[in-house]
Amino acid sequence: MGKELGLSLCLMLLFCYKGNTETENLCPAACQCFMSTQVLCADERMASLPQSISRQVKDFIVMTTAVSYVFPNNLLGSPQLTRLIFFNNALRSIHSQAFENLTELEELEISGNPRLEHLFLGTFSKLGNLTKLLLNYNRFKTVLPGMFDSLQSLRSLQLKGNNISHLPTFLFVKLHNLNLLDLSLNSLEEVTKQTFFGLDSLNSLKINNNLLRSLSFDTFYGVSHLTELSLEGNKIAELPDNIFSGLSKLKELNLRRNVLTTFGDKVFGIEASNLKELNLKGNRLVELSSISSLTSLTDLILSSNQLSTLPDDIFRNVTALENLDLSENRLTLLPETIFNSLFSIRAIDLHKNNLHVLDAQLFKDQQLIQQLYMSENQLQTLPLGLFDHFGLQHMVRLHGNPWKCDCNMWYVHDWVLKNSQDVEMLDRMLCESPDLLKRHAVVSVGKDQLVCQTSKHETHDLGSCILSASNDTMTVKCQVQKCSPLMVRVQFLQDDGTLNEHVLKMEWPEHLQCSNMTNPF
């Protein structure tokens, strides 16, 4: 609420600039007039509305005053008003006839009044030209049936931050031109089919931060023109099949912070959906079934859920996808083909999962990627060529993984050094092992320090050489062809960091007359 009120306050203060002497002389006491058409009354000591307002005034703003009541005669002499705002006052009651003569009013706001618990029936009965009505952050517990019936020109209605727990059926039935309806931050427990009956022009519907627990399949019947629907912060655990099937124009669907455990495209019915943005952040998803019908989807947010696996074809047909957020889940691996055909992808966020290993071809179709976040997983190394498909300037995050700085890190080490300007928080990309390099930044480690260790009685095939250990002796056996050059370098690293090196180079007798060509035995 504080941010909302603060923003509105800043917007109102934009009116403030020095007026001329004539305007100041016509201005009501304890108010400010910035133009002949605008009046702002913002005196905390003001207990009643001024009676002398010029007939030239179109915008009348009353904010942060001690005004508690609005009576029928308070605005009787100002029928010309087109914009009236009561913001952050001490209002307790507004008479049902207080706005009766304001027939030219186009915008009315009554917000931020913590003592205002109800409005009388008929309060808006004469406001047929009203297009915008804001009733936010008051203490309304209910809204009377028929309260908005006369507002047939209304395009935007906000009832945010009240204590409304129930909406009468057919409350909005006469609002045929309504485009935006915001019921967020209330205590609504149920929304039925009849709630939105008649809103055939509604474009944006927000029912955020309420106590909604269930929706029936016909809840959104009659609002087929919706382009934006937000149900954020409710208690919805399940969505019936086809619940959004009639919303063919829906572009944005916000289901953030509910308690859904599964989600699939059956909620959209059998028709292809035109949805562009789907937000499922902060639910309890453990399963994501097919979303292949969402062929227009560009933004998919699945962060802060409980997903541990994903089907390899989950994004099949979702080829328009540009932004994919899978951060803060429990993913341990990703199928090799999961991102196949996502040629338009710009950002993939895999931050804070449990990924241990990635396939070298995982991002082969993502030439246009610009952001790839893989920080805070369980990655010890990355496969050869993982980033080689990227064609554009990109930002990568790799910190917070337990990097194992041995010979298997050569590709990662080389790539990070070559693309250091593309790696964010590079100083936090640290080696976890071996102990000698622990907590060292990967970029600070020399490539000659990235060696694979061997333990006693362990044998490793190093191509043409075999390394074996027995007691305190390590033996290197290398198979060579005649005249093949070979050099073996042995390094002893002491506790103080001193490095002693011994080099053995294969020398061939001169009588063999070795050429540049290698001869077999």
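Preceding this section is the structure that the text describes.
Now for a description of the structure that goes with this document. Computed from a predicted model, the values in this text were never measured in an experiment.

## Observations regarding helix α3 (residues 410-418)
Item 1. For α3, the set of buried residues is Tyr411, Val412, His413, Trp415 and Val416.
Item 2. Of the surrounding secondary structure, the elements contacted by the buried residues of α3 are β21 (395-397) and β23 (423-424).

## Here we look at the pattern of salt bridges
Item 1. The final tally for this structure, using the stated rule, is 10 salt bridges.
Item 2. Notably, a salt bridge pairs Arg45 with Asp43, separated by 3.2 Å at the nearest N-O pair.
Item 3. Measuring nitrogen to oxygen at the nearest pair gives 3.0 Å for the salt bridge that ties Lys447 to Asp414. Taken as a pair, Lys447 in the loop between β24 (431-433) and β25 (460-461) and Asp414 in helix α3 lie far apart in primary sequence, 33 residues in all.
Item 4. One salt-bridge network, held together by shared partners, links Asp59, Arg83 and Glu107.

## Here we look at unusual backbone geometry
Item 1. At the junction of Ser433 and Pro434, the peptide bond is cis and its omega measures out at -5 degrees in the coordinates.
Item 2. Topologically, Pro434 is positioned in the loop between β24 and β25.
Item 3. Not every positive phi belongs to a glycine, and Ala30 is a case in point at roughly 65 degrees.
Item 4. Counting through the fold element by element, Ala30 comes out in the loop between α2 (21-26) and β1 (31-35).
Item 5. The phi angle at Asn88 is positive, at roughly 60 degrees, despite the residue not being glycine.
Item 6. Relative to the helices and strands, Asn88 resides in the loop between β5 (83-87) and β6 (93-94).

## Here's the deal with the side chain of Asn377
Item 1. As for its placement among the helices and strands, Asn377 is situated in the loop between β20 (371-373) and β21.
Item 2. If we skip the residues at most four places from it in the chain, Asn377 touches Leu350, His351, Lys352, Asn353, Asn354, Leu355, Gly400, Asn401 and Pro402.

## Focus: the environment of Leu436
Item 1. Mapped onto the elements, Leu436 comes out in the loop between β24 and β25.
Item 2. Look at Leu436 and you get exposed, because its relative accessible area is 56%.
Item 3. Each C-alpha atom of the pair Leu436 and Cys405 lies 9.8 Å from the other, and the pair is 31 residues apart in sequence.

## Examining the packing of aromatic side chains
Item 1. Under the criterion given, the structure shown has 13 aromatic pairs.
Item 2. On the numbers, 6.3 Å between centres and 10 degrees between planes, the contact of Phe148 with Phe172 is stacked. One end of the pair, Phe148, is in the loop between β8 (132-134) and β9 (156-158); the other, Phe172, is in the loop between β9 and β10 (180-182), with 24 residues separating them in the sequence.
Item 3. Judged by its relative accessible area of 0%, Phe172 falls in the buried class.
Item 4. Plain terms: the ring middles of Phe263 and Phe268 are 6.5 Å apart, the flat faces sit at 75 degrees to each other, and that makes the pair edge-to-face. As far as burial versus exposure is concerned, Phe263 and Phe268 are alike and both buried.
Item 5. A cation over a ring is seen here: Lys193 above Tyr221, with NZ or CZ 4.6 Å from the ring centre.

## Some details on the nonpolar core
Item 1. Judged by nonpolar contacts, the single largest core of 129 residues is most densely connected at Phe99, Phe148, Phe196, Phe220 and Met374.
Item 2. Of all the secondary-structure elements, those providing two or more residues to this core are β1, β2 (38-41), β3 (59-63), β5, β7 (107-111) and α3.
Item 3. For this core, the element with the most residues is α3, which contributes 4 residues.
Item 4. Dropping the residues within four chain positions of it, Phe99 is found in contact with Leu75, Leu84, Phe86, Ile94, Leu108, Ile110, Thr123 and Leu127.

The rules we used
Every chain begins its residue count from 1, and numbering advances along the sequence as written. For this predicted model, a pLDDT threshold of at least 70 governs which residues receive local features, and a threshold of 80 or more governs which side-chain atom pairs are given and counted, while totals over whole chains, interfaces and linings are taken from all residues. Computation of side-chain values covers all heavy atoms of the structure but excludes hydrogens and water. When accessible area is computed with a 1.4 Å probe and restricted to protein chains, residues below 20% of their type maximum are described as buried, those above 50% as exposed, and intermediate ones as partly exposed. Helix and strand definitions follow DSSP, with helices as H or I runs of at least four residues and strands as E runs of at least two, each counted in order from the N terminus. Contact criterion: two residues are considered in contact whenever any of their non-hydrogen atoms come within 4.5 Å of each other. We define a salt bridge as a side-chain nitrogen of Lys or Arg found within 4 Å of a carboxyl oxygen belonging to Asp or Glu. Pairing of aromatic side chains requires ring centres within 6.5 Å, counting the rings of Phe and Tyr and the six-membered ring of Trp. Pairs whose planes differ by under 30 degrees are stacked, by over 60 edge-to-face, and all others tilted. Either the NZ atom of lysine or the CZ atom of arginine qualifies as a charge over a ring when it sits within 6 Å of the ring centre and within 35 degrees of the ring normal. By nonpolar core we mean a set of buried residues, namely Ala, Val, Leu, Ile, Met, Phe, Trp, Tyr and Cys, connected to one another through side-chain atoms within 4.5 Å.

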